[in-house]
Amino acid sequence: MKSALITGITGQDGSYLAKLLLEKGYRVTGAVRRNSQTEIARLQRLGIADDITFVDFELGEINNITRLIRGTAFDEIYNLAAQSFVGSSWEQPIYAADVNGLGVARLLDCIRTYTPQTRFYQASTSEMFGLVREVPQSETTPFHPRSPYGVAKVYGHFITVNYRESFGLHASSGILFNHESPLRGPEFVTRKITLALARFARGEHVPVDLGNLNAQRDWGFAGDYVEGMWRMLQQDKADDYVLATGVTTTIRDFVRFAAEALDLDLEWSGEEMTEMAVDRRSGKVAVRVNPKFHRPAEVDLLLGDSSKARGTLGWQPKVTVRELAAMMARADYDGWQG
Ligand code: NDP
Ligand code: GDR
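Everything numeric in this text was worked out from a predicted model, so none of it was measured.

Parameters at a glance
Residues numbered from 1 in each chain as written. Chains lettered and ligands numbered in written order. Predicted model: local features only at pLDDT ≥ 70, side-chain atom pairs only at ≥ 80, totals over all residues. Near = placed C-beta within 6 Å. Helix = DSSP H or I, 4+ residues; strand = E, 2+ residues; numbered from the N terminus. Nonpolar A, V, L, I, M, F, W, Y, C, P; charged D, E, K, R; others polar. Pairing = 2+ DSSP bridges. Axes fitted to C-alpha atoms, helices over the stretch in contact; angles between N-to-C directions. Contact = placed C-beta atoms within 7 Å. Buried ≥ 20, exposed ≤ 12 C-beta atoms within 10 Å, placed from the backbone. Right-handed = clockwise from strand over helix to strand, strands pointing away. Core = buried A, V, L, I, M, F, W, Y, C linked by C-beta atoms within 7 Å. Domains from an automatic or database assignment. UniProt positions renumbered as here; feature names shortened; annotations may be inferred. Left-handed = near helix turned anticlockwise from the far one by under 90°.

1. Overview of the site of ligand 1
Near ligand 1 lie 26 residues; those nearest to it are Gly8, Gly11, Ala81, Ala82 and Ala123. Listing elements by their share of the shell around ligand 1, those giving two or more residues are α1 (12-23) and β5 (119-125). The biggest single contributor to the shell around ligand 1 is α1, with three residues. A breakdown of the residues in the shell around ligand 1 according to their chemical character gives eight nonpolar, 14 polar and four charged.

Structure representation (structure tokens):
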């Protein structure tokens, strides 16, 4: 029986990955930080919370990480823990650097010292590409991050590459484009949209305020992406891989897809900063632009080229962005607690 440690197990990806590994017969240890109330709602929703052994974990605390890694030789460690919301990283740049950057070095150095046979996955991100230099973006596209989050993740990526090259660790970095699901945090734009439109479709006519509707993202389904993470660690040689769908969509079009799935008939009007969408049936505003949600620096266009992962790992995303928007909107509609 293989053993795996998942940091960030309470998050969206951690929950889907835990489910996948349990289905594959792994013994799964979940690293969770101690909060006043540890949030395992996603794991409960997937029906797997009782199958996981939980350990206290904080990426900022070297003593905690040392004791954990020294005490158990995991076959695989997936480092998914991070301050993951780009928008907050301008408010907490030092914390983002510490957790998303240095935290990776803390883990890798403990692995190097105590359990060098452990295979390691680092959750890298398309946010590292940032300013558009090349479309589509692949493993060879230069990085120019546009947020403290992205800057910290570039460090996490390169320290992973460096420990692989310096010490021969089996350490892989997955450069994952945006992936979503009904378990996505409510502050991310897709879930913010599906939650708000589901509420609207249920008759609570409160408009949702959004920022830049012109940004384009390459959105896939989180369930497909955790399969890619696992495949990376099953290779004889560690490497870096982009996971993406190869289709990019504006925020506005994601709203359209979600609205269609909920049978809402939206009429758009206005220019960039005053744009809004009115529901034709009720005559009420469903979506409006609020400059408060614009970012100090934006990543305008993400579109990934995942041919390397498709060729080497045999990985392929199965859910289209339209299906994803519908899946999320319907889940929020059905689960609405009004
Ligand atoms: P979530 O925000 O859903 O989950 C983040 C997890 O990290 C939570 O379990 C959180 O714990 C944990 N965490 C945060 N800070 C710390 C800390 N200091 N010490 C220990 N644990 C901590 O993120 P996702 O599941 O969406 O993303 C997983 C990873 O993949 C992240 O690293 C993210 O940056 C990266 N990524 C995500 C993409 C996406 O589109 N989803 C794309 C590319 C990369 P708690 O529950 O206590 O808050
Ligand atoms: P992102 O995801 O920053 O790409 O990071 P997010 O959903 O937060 O933003 C996507 C795009 O939507 C625009 N946007 C808004 N975003 C939010 N959150 N709220 C709004 O109201 C809003 N209006 C417009 C943003 O400006 C942006 O262009 C996610 C995270 O999961 C990261 O951890 C991960 O690394 C990247 O995806 C890949």
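Back to the text.
2. Regarding the sheet that holds strand β14 (residues 276-279)
Read from one edge of the open sheet, four strands run β8-β15-β14-β13, paired in mixed fashion. A strand with exactly one partner marks an edge of an open sheet, and here the two such strands are β8 (208-210) and β13 (266-269). Strand after strand, the sheet turns through a mean of 20° between neighbouring axes, direction not considered. Sitting on the sheet, helix α6 (residues 189-201) is in contact with β8, β14 and β15 (285-289), with an inclination near 155° to β8.

3. What to know about the pairing of strand β2 (residues 27-32)
Here β2 lies mainly inside the structure; five of its six residues are buried. Of the strand pairs in this sheet, strand β1 (residues 3-7) and β2 are connected by five bridges, and their pairing is parallel. Counterpart to alanine 4 in the pairing with β2 is valine 28. Of the crossover connections in this fold, the one passing from β1 over α1 to the parallel β2 is right-handed.

4. Some details on the nonpolar core
Grouped together as the largest cluster of nonpolar side chains are 97 residues, with contacts concentrated most on Ile6, Leu197 and Ala258. Both of domain 1 (3-181 + 220-246 + 303-318) and domain 2 (189-215 + 250-301 + 324-334) provide at least three residues apiece to this core. The residues touching leucine 197, leaving out its near neighbours within four places in the chain, are Ala258, Ala259, Leu262, Leu264, Ala286 and Ala329.

5. A short note on the site of ligand 2
In the vicinity of ligand 2 lie 23 residues, with Val86, Thr125, Val189, Gly211 and Ala215 positioned nearest. Residue contributions to the shell around ligand 2 peak at three residues, all from α6. Of the domains in this structure, domain 1 (3-181 + 220-246 + 303-318) and domain 2 (189-215 + 250-301 + 324-334) are the two that each give at least three residues to the shell around ligand 2.

6. Digging into the sheet that holds strand β4 (residues 76-79)
With respect to topology, seven strands assemble into an open sheet ordered β3-β2-β1-β4-β5-β6-β11, the strand pairing being parallel. Bordering the open sheet on either side are β3 (53-56) and β11 (240-243), each of which pairs with just one other strand. When strand polarity is set aside, the average angle formed by the axes of neighbouring strands in this sheet is 20°. Across four bridges, β2 lies against β3 in parallel orientation. Bridge pairing links threonine 29 to threonine 53 in β3. Each of β4, β5 and β6 (171-176) touches helix α4 (residues 93-114); the most contacted strand, β4, lies at about 170° to it. The sheet strands contacting helix α7 (residues 222-233) are β4, β5, β6 and β11, and the helix crosses β6 at an angle near 155°.

7. Comments concerning the domain arrangement of the protein
Its domain assignment divides the protein into domain 1 (3-181 + 220-246 + 303-318) and domain 2 (189-215 + 250-301 + 324-334). When each unit is reduced to the centre of its C-alpha atoms, the spacing between domain 1 and domain 2 is 30 Å. Counting from both sides, the interface comprises twelve residues of domain 1 and, opposite them, eleven residues of domain 2.

8. With respect to the environment of arginine 70
Secondary-structure assignment places arginine 70 in helix α3 (residues 62-71). Residues arginine 70 and valine 28 lie 42 residues apart in sequence; the distance between their C-alpha atoms is 17 Å.

9. A few points about the UniProt feature "domain: NAD(P)-binding" (unreviewed entry) in the protein
As annotated by UniProt and renumbered to match this structure, "domain: NAD(P)-binding" (unreviewed entry) occupies residues 5-328. Annotated as 37% helix and 18% strand, the span residues 5-328 places its first and last C-alpha atoms 28 Å apart.

10. Description of the packing of α6 against helix α8 (residues 251-261)
As a packed pair, α6 and α8 sit with axes 10 Å apart at the nearest point and diverge in direction by 35°. Regarding α6 and α8, the two cross each other, and that crossing is right-handed. Residues Val189, Thr190, Ile193, Thr194 and Leu197 of α6 pack against Ile251, Phe254, Val255, Ala258 and Ala259 of α8. A per-class count over the contact of α6 with α8 returns eight nonpolar, two polar and no charged.

11. Looking at unusual backbone geometry
Of the consecutive residues valine 135 and proline 136, the connecting peptide bond is found in the cis state with omega at -5°. Turning to its location among the elements, proline 136 is positioned in the loop between β5 and α5 (148-167). Although it is not a glycine, aspartate 263 adopts a positive phi angle of roughly 65°. Relative to the elements of secondary structure, aspartate 263 occurs in the loop between α8 and β13.

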